[in-house]
Amino acid sequence: MRRAIGVVGTVVVAATMLAGCTGSPGAAHPSGPTLASARALLAEQSAAVLAHDRAKFLATLDTSSAARTFRTEQASEFSNLAGVPLGAWRYRVVGPVHDNRALRAASARYGAPVLLLDVTLGYELRGIDTVADTHDQYLSIVTRGGHALVAGNDALASENTASWLPPWHYGPLVAAHGTACLVLGPPGDHSRLPELAAEVDSAIAAVTAVWGTSWSRRVAVLIPSSTQEFQALSGASGTDVSAAAVTGGIDPATGRPFGQRLVLNPAQLDGLTTTGRAIVLRHEITHLASAADTADITPRWLVEGFADYVANLRTGQPVRVAAAELHAVVAAGRVPVQLPADDAFGASGSALARAYEQSWLACRLIAQRVGQRGLVHFYRAVGTAIQTKGQAVAHGFGSVLHETQSRFTAQWRAYLKTELS
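Here is what the cut-offs are and how they apply
Residues numbered from 1 in each chain as written. Predicted model: local features only at pLDDT ≥ 70, side-chain atom pairs only at ≥ 80, totals over all residues. Heavy atoms only, no water. Core = buried A, V, L, I, M, F, W, Y, C linked by side-chain atoms within 4.5 Å. Buried < 20%, exposed > 50% of the residue type's maximum accessible area, 1.4 Å probe, protein only. Helix = DSSP H or I, 4+ residues; strand = E, 2+ residues; numbered from the N terminus. Contact = heavy atoms within 4.5 Å. pLDDT = per-residue confidence, 0-100. Pairing = 2+ DSSP bridges. Axes fitted to C-alpha atoms, helices over the stretch in contact; angles between N-to-C directions. Phe/Tyr/Trp six-rings, centres within 6.5 Å; stacked < 30°, edge-to-face > 60°.

Q: Tell me about the nonpolar core, and name the residues and values.
A: In terms of nonpolar packing, the biggest core is built from 70 residues, with Trp-301 and Leu-361 touching the most fellow members. Looking at this core element by element, the count peaks at 16 residues for helix 12 (residues 349-383). Here Trp-301 is in contact with Phe-306, Leu-339, Pro-340, Phe-345, Ser-359, Ala-362, Cys-363, Ile-366, Phe-378 and Phe-397, once residues within four sequence places are set aside. Counting residues in hydrophobic clusters, the runner-up holds 43 residues, among them Phe-57, Leu-121, Leu-173 and Leu-222.

Q: Give me the lowdown on the confidence of the model for the chain, citing residues and values where you can.
A: The predicted model of the chain averages 91 in pLDDT, with 92% of residues at 70 or higher. Overall, residues 1-30 carries pLDDT values under 50, and its contacts beyond four positions in sequence, including any with other chains, amount to 103 contacts.

Q: Report on the sheet that holds strand 5 (residues 174-177), specifying residues and quantitative values.
A: Strands in a sheet are paired, the pairing made by backbone hydrogen bonds, and the direction either parallel or antiparallel. Here we have five strands laid out as an open sheet, ordered 5-6-7-11-8, and mixed in their pairing. At either margin of the open sheet sits one strand with a lone partner, and together these are strand 5 and strand 8 (243-246). Adjacent strand axes in the sheet meet at a mean angle of 20° when their direction is disregarded. Inspection of the sheet shows strand 6 (residues 181-185) paired to strand 7 (residues 219-222) by four bridges, in the parallel sense. Paired with Leu-182 across the two strands is Ala-220, which belongs to strand 7. Packed onto the sheet, helix 5 (residues 193-211) meets strand 5, strand 6, strand 7 and strand 11 (261-264) and runs at close to 140° relative to strand 6.

Q: So what's going on with the packing of aromatic side chains? Residues and values would help.
A: On inspection of all chains with the given rule, the structure shows 14 aromatic pairs. Measuring from centroid to centroid gives 6.0 Å for Trp-164 and Trp-168, while their planes differ by 90°, and the two rings are edge-to-face. Comparing Trp-164 with Trp-168, the two get one shared label, buried. Centre to centre, the rings of Trp-211 and Tyr-379 are 5.7 Å apart; their planes meet at 90°, and the pair counts as edge-to-face. Of this pair, Trp-211 sits in helix 5 while Tyr-379 sits in helix 12, and the two are 168 residues apart along the sequence. Given the relative accessible area of 3%, Trp-211 is considered buried. Looking at Tyr-379, the relative accessible area reads 1%, which means it is buried. Clustering of aromatic rings is evident, with ring pairs tying together Trp-89, Tyr-123, Trp-164 and Trp-168.

Printed below as a string of structure tokens:
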């Protein structure tokens, strides 16, 4: 599944085979489509997408009345793709789906034998992606007049297994290019995209100055047209989330992240000041930059605190302003006892703000103790450790700060009193 880190965090998506649903690669109904004809069909469709050949693309789709809605949706998506700079588009067949109930339902629906396919769509944004962003699709393939055609992408809807819906499913997209970024948004936002691209370029440079150059330093930004679309593309659940950084996964051959997208909430974007927008962009881009060194063993206080550390550098904001919610409770004598647990980031409102502020000040203290490079080293030491979460964090404190977490926590509590009370 795709996971997002934090409320404004990161998420990881992996393609999976359907347990008990995918079978041996050779089988198909004797009078229906074969795997060979399906592969040839998908190769034709890929070529049509990359060539922007609408007629050839539509020729790969079933024209029966049962497929009318799907065909209309696909024609719309093809048109919506016109402004998206694609560098690659390809399908990989994982295997046929042998779910008898789904096969019977599809055959009855289309009035013909059907081959149900589990496939992976991989696409690249030109100038941004060096590894394809991959997503699962579950296709219904039929044969009409001796030709294999795609009739639907909801082959396993009855099993609650849905095909991926791309950003261009929701409407047309236009592009603005920065020096190191690509911003995609609805046509109505066309005039403001270049300015946003310049801000993203600036944020990329700020993140690189802290994290270093060991990441792509290329960012794709998506601006949905609604909060609902933002939630669908980002996986974020709250309406007050300004942005989310999404990472599709880590390529096992190269160790490089793929499918990295910065998704902005249009409902929140206009309400941000220039400084606020810069903080949000730096925070999220830090998640993208550090994705290869972020693991399930990395505690959320470190993931979010480090991103806030980078985001708040040189903003000129006093600590008591940047940590206003935490300041209120510390000034009242209620000093947190422990660093925030992972579940603290599932809260909302003031409680969530305090979790972020506590985490930021923890990372700020680490940087004061061992320097900015030391903080980066600490982050990597924890995220790349081949240990349990507790052991990884203990290893980071021991190898970088040369002390235990409990001693650091006591110093952090004293630091909060000094900075905020």
